[in-house]
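# Remarks on the overall topology
For reference, the chains in residue letters:
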Amino acid sequence: MKTIKNIGLITALIGFFIFTASIFTGTNNVTQEIFNTWTSQNVKSDYFINKAQQEIVGKELSTFELSSKIIAIAKESDAFEKGQENINWNKIIKVKWNVTSKNFVYPLVRASATGWVSKNQGLFFFLTFGLAIIGGVLAFGADYKLLGPAGIKNNGIFQHSATNRGYLGMIACIYFVAFYMLLYFYPNYLINPILSVNQISKGLSGNGSSQWFLYGFMYCSVMTVFAIRMFIKYRHNNYQLVRTSVVLFFQVAFAFLIPEILVAFNMPWFDFKNAWPLDYDFFFDLGKDWSLMSQGQVGLFMFVWGIVLTLVIVPVMVYFYGKRWYCSWVCGCGGLAETLGDPYRQLSSKSLFSWKVERWLIHGVLLFATLMTALTLYIFFAEIESWKELAFGITAYDVQSSYGFLIGSIFSGVIGTGFYPILGNRVWCRFGCPLAAYMGFVQRFKSRFRITTNGGQCISCGNCSTYCEQGIDVRAYAQKGENIVRSSCVGCGVCSAVCPRGVLKLENGPEDGRINPTQILLGNDVDLMELVNEK
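In what follows, the accompanying structure is described. (Residues numbered from 1 in each chain as written. Predicted model: local features only at pLDDT ≥ 70, side-chain atom pairs only at ≥ 80, totals over all residues. Heavy atoms only, no water.)

## Let's talk about empty space enclosed by the protein
A full pass over the atoms with the stated rule returns 4 cavities of 30 Å³ or more. One number sums up the size of the largest cavity: a volume of about 110 Å³. Looking at the largest cavity, it is lined by 15 residues, and the ones nearest its centre are Cys 468, Ile 472, Cys 489, Cys 492 and Cys 495. Of the residues assigned to the lining of the largest cavity, the class counts are 11 nonpolar, 3 polar and 1 charged. Volume-wise, the second largest cavity comes out at about 80 Å³. Along the walls of the second largest cavity sit 14 residues, with Cys 458, Cys 461, Cys 464, Cys 499 and Val 503 positioned nearest its centre. Only α22 (463-467) and α23 (474-480) provide two or more residues apiece to the lining of the second largest cavity. The residue inventory of the lining of the second largest cavity, partitioned by class, reads 9 nonpolar, 3 polar and 2 charged. (1 Å grid on protein atoms, 1.4 Å probe; cavity = no way out; pocket = protein on both sides within 12 Å on 5 of 7 lines; lining within 4 Å. Points joined across faces, edges and corners; volume = space filled by probe spheres on them. Nonpolar A, V, L, I, M, F, W, Y, C, P; charged D, E, K, R; others polar. Helix = DSSP H or I, 4+ residues; strand = E, 2+ residues; numbered from the N terminus.)

## Things to note about the pattern of salt bridges
The final tally for this structure, using the stated rule, is 17 salt bridges. With a shortest N-O distance of 3.5 Å, Lys 273 and Asp 271 are connected by a salt bridge. The exposure class assigned to Lys 273 is buried, which follows from its relative accessible area of 8%. Residue classification places Asp 271 among the buried residues on the basis of a relative accessible area of 9%. Ionic pairing is found between Glu 358 and Arg 430, a salt bridge with its closest N-O pair at 2.8 Å. Of this pair, Glu 358 sits in helix α17 (residues 352-381) while Arg 430 is found in helix α20 (residues 427-431), placing the two residues 72 residues apart along the sequence. We classify Arg 430 as buried; its relative accessible area is 2%. (Salt bridge = Lys/Arg side-chain N within 4 Å of Asp/Glu carboxyl O. Buried < 20%, exposed > 50% of the residue type's maximum accessible area, 1.4 Å probe, protein only.)

## Concerning the packing of aromatic side chains
What the rule picks out here adds up to 42 aromatic pairs. For the pair Phe 213 and Phe 256, a centre-to-centre distance of 5.3 Å together with 45° between the ring planes defines the contact as tilted. In this pair, Phe 213 is assigned in helix α12 (residues 211-233) and Phe 256 in helix α13 (residues 238-264), connecting sequence segments 43 residues apart. Both residues of the pair, Phe 213 and Phe 256, count as buried. Seen in terms of ring centroids, Tyr 280 and Tyr 403 are 5.0 Å apart; in terms of plane orientation they differ by 50°. Their pairing is tilted. Residue Tyr 280 is located in the loop between α13 and α14 (297-321), and its partner Tyr 403 is located in helix α18 (residues 396-415); the two are separated by 123 residues in the primary sequence. Residue Tyr 280 is classed as partly exposed on the basis of its relative accessible area, which comes to 21%. In this structure Tyr 403 comes out as buried when scored by relative accessible area, which is 1%. An aromatic cluster is present here, built from Trp 97, Phe 179, Tyr 180, Tyr 184, Phe 185, Trp 212, Tyr 215, Tyr 219 and Phe 405 joined pairwise through their rings. Between the NZ or CZ atom of Arg 235 and the centre of the ring of Tyr 144, over which it lies, the distance is 4.7 Å. Seen from the ring of Trp 355, Arg 359 lies directly overhead, with NZ or CZ sitting 4.2 Å from the centre. (Phe/Tyr/Trp six-rings, centres within 6.5 Å; stacked < 30°, edge-to-face > 60°. Lys NZ or Arg CZ within 6 Å of the ring centre and 35° of its normal.)

## A short note on the sheet that holds strand β1 (residues 27-29)
As summarised here, the arrangement of the 3 strands in space is β2-β1-β3, forming an open sheet in which the pairing is antiparallel. If you trace the sheet from one side to the other, it starts and ends with β2 (60-62) and β3 (113-114), each paired once. (Pairing = 2+ DSSP bridges.)

## Quick notes on the packing of helix α2 (residues 32-42) against helix α5 (residues 100-111)
Their axes nearest at 10 Å, the elements α2 and α5 cross at an angle of 160°. In terms of their interaxial angle, α2 and α5 are classed as roughly antiparallel. Every pair of crossing elements has a handedness; the one defined by α2 and α5 is right-handed. Seen from α2, the contacting residues are Ile 34, Trp 38 and Asn 42; seen from α5, they are Asn 103, Phe 104, Pro 107, Leu 108 and Ala 111. Broken down by class, the residue content of the contact of α2 with α5 amounts to 6 nonpolar, 2 polar and no charged. (Axes fitted to C-alpha atoms, helices over the stretch in contact; angles between N-to-C directions. Parallel < 35°, antiparallel > 145°, perpendicular 65-115°, else oblique. Left-handed = near helix turned anticlockwise from the far one by under 90°. Contact = heavy atoms within 4.5 Å.)

## Quick look at a nonpolar patch on the surface
Taken together, Met 1, Ile 4, Ile 7, Trp 116, Leu 123, Phe 126, Ile 134, Leu 138 and Leu 146 make up a surface patch of nonpolar side chains, about 790 Å² in accessible area. Among the secondary structure elements, those contributing two or more residues to the nonpolar patch are α1 (2-21) and α7 (121-141). Element by element, the count of residues in the nonpolar patch is highest for α7, at 4 residues. Tracing the sequence through the fold places Leu 138 in helix α7. Accessibility expressed as a relative area gives 33% for Leu 138, which makes it partly exposed. (Patch = residues over 30% accessible without salt bridge, like charges linked within 9 Å, V, L, I, M, F, W, Y side chains within 5 Å. Areas by Shrake-Rupley, 256 points an atom, 1.4 Å probe, with all protein chains shown as cover.)

As structure tokens, then:
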């Protein structure tokens, strides 16, 4: 079995290496037809068109060469146009690091891609995704025998450099962050990886693949492979088996397949499980040509569903089942955290300082999202254009784009997932998700959900606190026999799964007696002497 596991790891690493190396390979050939189509949609400066015509059309260039030439010509063009006596601002390209590559450069690079990968997309898919998936299945499948009998084993959880912030963990963090930076801001450098799933995208929606289709396919593939690891590791616990299966189903079906199939039928891309304020741009496109409303009855249903999901379904479900129904059973962010992120759950800080930072950050993001949405609705009903200045030189578009950049990209993606190996697997869910904050209010003050504890059987082993991905010191509650009622708890149930004495139990009971603080003196109580003197 060890041999099979090693073969699987090597196979997966080969696919992973080819996928990564492909970023630095490939060529582009901008034909006259491709250039004319691109400039007619993106460029109004004659200076840029003439300059680019000479330097990039009809020449074979690498992705890096083509991208750098376009940026250089754009900067030169902007300088020329701004030097004119009467500046035509429509001709200014406005080069910015976080938008120019993905909005301006990427379409041309994607359309002009040539080389071996573009001609052998099916084979390249097998050499990358195929090998990585097969290798992952072999490596994790071998653990069924290697791990021995069913049950949690705390073997080496803090010793391996990949899971204790060691050098392998640091390398993984750097790789994750770099990939997310390319995905969000420089997709023009991911052309070969994007082409690897081009045939799958065409089969589902009829359209060529984009960076977001690549991300969606990678997301589902990674969750599926690591779900096998979850099934084997937690095979002694039916709750974990069912929960992992359900969250995987919702991600693959509702977040990936159904939206792509909708596009194939000329309907808007729509994720039926994504609720505001996590779906922060739900109200951004309100107007005469709003994409949903222009789709007739189907679009109207999508709009109404989005509002009902947020205002009715979410709080009602949280009341009966806690926020776990969404965060641990439905949400894709939580699904990735529970599969790919499971090896890192012990890295979540349990300090009081982290708890304070958590409360300020996550509620600050919720406030930001609420104010931004209120502003969006205001400019819509007041019939004000989003680009018009409202106050202090700030427009509604500035607020929306700032949230999208800071929260939607940097926090949720680059930090939220990239920092799994450093801060644990629920960085975004714990510190930034506005929907988690919204549901947390309901769970804390008006819900039937709680985790009950049997303090008489607790042996203070600390497994529960070690494995809590939300940074809750579960053991402190268990020692006192106190119910765990925390707004941050996502009800993943792993604390219960790893408890050797069955002390913890996830329950949905009556509200009476749900919060039962107990005054019990503990040997590690920092106020022990003060409490003794009071007696």
